[in-house]
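# Overview (structure and organization)
Read off the chains here:
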Amino acid sequence: MATAGKVIKCKAAVAWEPNKPLVIEEIEVAPPKANEVRIKIVATALCHSDLHYLVEFTPKENFPIVLGHEAAGIVESVGPGVTEFQIGDKVIPLFLSQCRECRFCKSPKSNHCENSAPPVPIKAEPDSRFTCKGKNLLQFVGTGTFSEYTVMNQIAVAKIDPAAPLDKVCLLSCGICTGYGAAVNTAKVEPGSTCAVFGLGAVGLAAVMGCFAAGAKRIIAVDINPEKFEKAKVFGATDFINPKDHDKPIHEVLIEMTDGGVDYSFECAGNVGVMRSALESCVKGWGVSVIVGVTSMQDIAARPIQLIAGRTWKGSLFGGFKSKDGVPQMVKAFMDKKVKLDEFITHNMTLDQVNDAIELMKQSKCIRTVMRVSPQ
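Note that the structure is a prediction, hence the values are computed from the model and not measured. (Residues numbered from 1 in each chain as written. Predicted model: local features only at pLDDT ≥ 70, side-chain atom pairs only at ≥ 80, totals over all residues. Heavy atoms only, no water.)

Another aspect to go through is the packing of aromatic side chains. Working definition: an aromatic ring pair is given by the centre-to-centre distance plus the angle between the planes. Scanning the model with the defined rule gives six aromatic pairs in all. Taking 5.5 Å as the distance between ring centres and 45° as the angle between the ring planes, the aromatic pair formed by Tyr-53 and Phe-63 counts as tilted. Here the residue Tyr-53 occupies a position in helix 1 (residues 48-56), and Phe-63 occupies one in the loop between helix 1 and strand 4 (65-66), the gap between them amounting to 10 residues. Centroid distance Phe-95 to Phe-318: 5.3 Å. Interplanar angle 85°. Geometry classified as edge-to-face. With Phe-95 in the loop between strand 6 (90-93) and helix 2 (103-106) and Phe-318 in the loop between strand 16 (312-315) and helix 10 (323-335), this residue pair connects regions lying 223 residues apart in the sequence. Here the two residues Phe-95 and Phe-318 agree in accessibility, since each one is buried. These aromatic residues form a ring-pair network of at least three members: Tyr-53, Phe-63 and Phe-140. (Phe/Tyr/Trp six-rings, centres within 6.5 Å; stacked < 30°, edge-to-face > 60°. Helix = DSSP H or I, 4+ residues; strand = E, 2+ residues; numbered from the N terminus. Buried < 20%, exposed > 50% of the residue type's maximum accessible area, 1.4 Å probe, protein only.)

Following this line, the structure appears as structure tokens:
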């Protein structure tokens, strides 16, 4: 491409300070260095982690930043040493890398990678790939996809089927893999089991979909918004419980419904109180509760007897998928109609409307909003 090796001036949504509207700015995106790939972002979605960082995580030294990490695009240029990617490849940027060389990548027991970008960037490096008005910009979780172009290390990029629709499969770079994989990879839900999913945002609905795919016979969806049950049924939920409809703790309701508790529970809301409820809703002896929702603001607590009685409390990052391997597999599953994506998308917008998308998420009026960034 004519832009290869040159600084690109493009449009991006910049968060200059916490809890303030994003500003559409012209930024400069540097060319890729060794082992890096520059990507033209075609579509990006708003994930709750972006909102959490903007609204709840407030140290001003962590700004200015370009948020966004749930995206898909096309390789514009590659740096020295890159052999896996070529100009024009369809790709998905990954907040969780897979270097294939570290202790974690070599272990089948984990999908972590020692060389992933830190979840909370502390400062923009002197050679930041993003600059605006003379200032270096952070890239959220190493991605920064609320921009027409971004630069990623090749270990954090997955090549996908060239026929895949980028405005759909962008969801697989975070939320859908996170929820779906929590059920099939982390919990390893068994056929005929009973599951409870707490929180019916995109991640929770994906967990419902994962439980259904794994053969669960009963999937109880738990949320305080009754409007979400119809959507949950689309993904396989069999029951719906609104905690506001009961005068007893929700875990007691679930225990009564299931003759002692569910086999598997999933906390997908990022609420430490709900995490405890999800654990306590599991059957003693073998119940497994998986923490999927993200929060960094509070500690969790539980009575030791809940674990001594035989329950297992687990965490799940990106649904247990090794990213460069798992994302192309999930894209194929979507293309083969084994995984739903369209049903998660409630709004389509452009990057210029990013603040409208944020308001929709704040008011719980969307599942996923996909923003078109560049023409495909």
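Alright, that's what it looks like, and here's the rest.
Closest axis-to-axis distance for the helix 1/helix 11 (residues 354-362) pair is 11 Å, and the angle between their directions is 95°. Judged by the angle between their axes, helix 1 and helix 11 are roughly perpendicular. Here helix 1 contributes His-48, Leu-51, Leu-54 and Val-55 to the contact with helix 11, which in turn contributes Ile-358, Met-361 and Lys-362. When its residues are assigned to classes, the contact of helix 1 with helix 11 shows five nonpolar, one polar and one charged. (Axes fitted to C-alpha atoms, helices over the stretch in contact; angles between N-to-C directions. Parallel < 35°, antiparallel > 145°, perpendicular 65-115°, else oblique. Contact = heavy atoms within 4.5 Å. Nonpolar A, V, L, I, M, F, W, Y, C, P; charged D, E, K, R; others polar.)

Here we have six strands laid out as an open sheet, ordered 13-12-11-14-15-16, and parallel in their pairing. Both outer strands of the open sheet, strand 13 (239-241) and strand 16, are each paired with one neighbouring strand and no more. Sheet twist, expressed as the mean angle between neighbouring strand axes with direction ignored, is 20°. Where helix 5 (residues 202-213) meets the sheet, its contacts fall on strand 11 (194-198), strand 12 (218-222) and strand 14 (264-267), and the angle it forms with strand 11 comes to roughly 170°. (Pairing = 2+ DSSP bridges.)

To continue, consider the nonpolar core. Counting 111 residues, the largest nonpolar core has Phe-146, Val-169, Val-189, Phe-266 and Phe-344 as its most contacted members. If one sorts the elements of this core by residue count, helix 5 sits on top with eight residues. Beyond its immediate sequence surroundings of up to four residues, Phe-344 is in contact with Leu-171, Ile-176, Ala-202, Leu-205, Ala-206, Met-209, Phe-235, Ile-367 and Arg-368. Counting 11 residues, the second largest nonpolar core, distinct from the first, contains Phe-198, Ile-220, Ile-241 and Ala-278. (Core = buried A, V, L, I, M, F, W, Y, C linked by side-chain atoms within 4.5 Å.)

In this section: unusual backbone geometry. Of note, the amide linkage connecting Phe-63 to Pro-64 takes the cis form, showing an omega dihedral of 0°. Structurally, the position occupied by Pro-64 is in the loop between helix 1 and strand 4. Residue Asn-35 is not a glycine yet carries a positive backbone phi of 65°. Locating Asn-35 in the fold gives a position in the loop between strand 2 (23-29) and strand 3 (36-45).

Let's shift gears to the environment of Pro-328. Tracing the chain through its elements places Pro-328 in helix 10. Judged by relative accessible area, which is 23%, Pro-328 ranks as partly exposed. Not counting the four nearest positions on each side in its chain, Pro-328 is found in contact with Ala-158, Lys-159 and Ser-323.

A separate point is the environment of Ser-316. By secondary structure assignment, the location of Ser-316 is in the loop between strand 16 and helix 10. Distance from Ser-316 to Thr-178, taken between C-alpha atoms, is 7.6 Å for residues 138 residues apart in sequence. If we skip the residues at most four places from it in the chain, Ser-316 touches Ala-182, Thr-186, Val-290, Ile-291 and Val-292. Within polar-contact distance, the side chain of Ser-316 engages the side chain of Thr-186 at 2.7 Å. (Polar contact = N/O pair within 3.5 Å; in protein donor to acceptor, adjacent residues only side chain to side chain.)

Right, let's talk about the side chain of Ser-77 for a bit. Position of Ser-77 among the secondary structure elements: in strand 5 (residues 70-78). For Ser-77, the side chain forms a polar contact with the side chain of Glu-76, separated by 2.5 Å. Filtering out sequence-adjacent residues up to four positions away, Ser-77 remains in contact with Ala-4, Pro-32, Val-37, Arg-38 and Ile-87.

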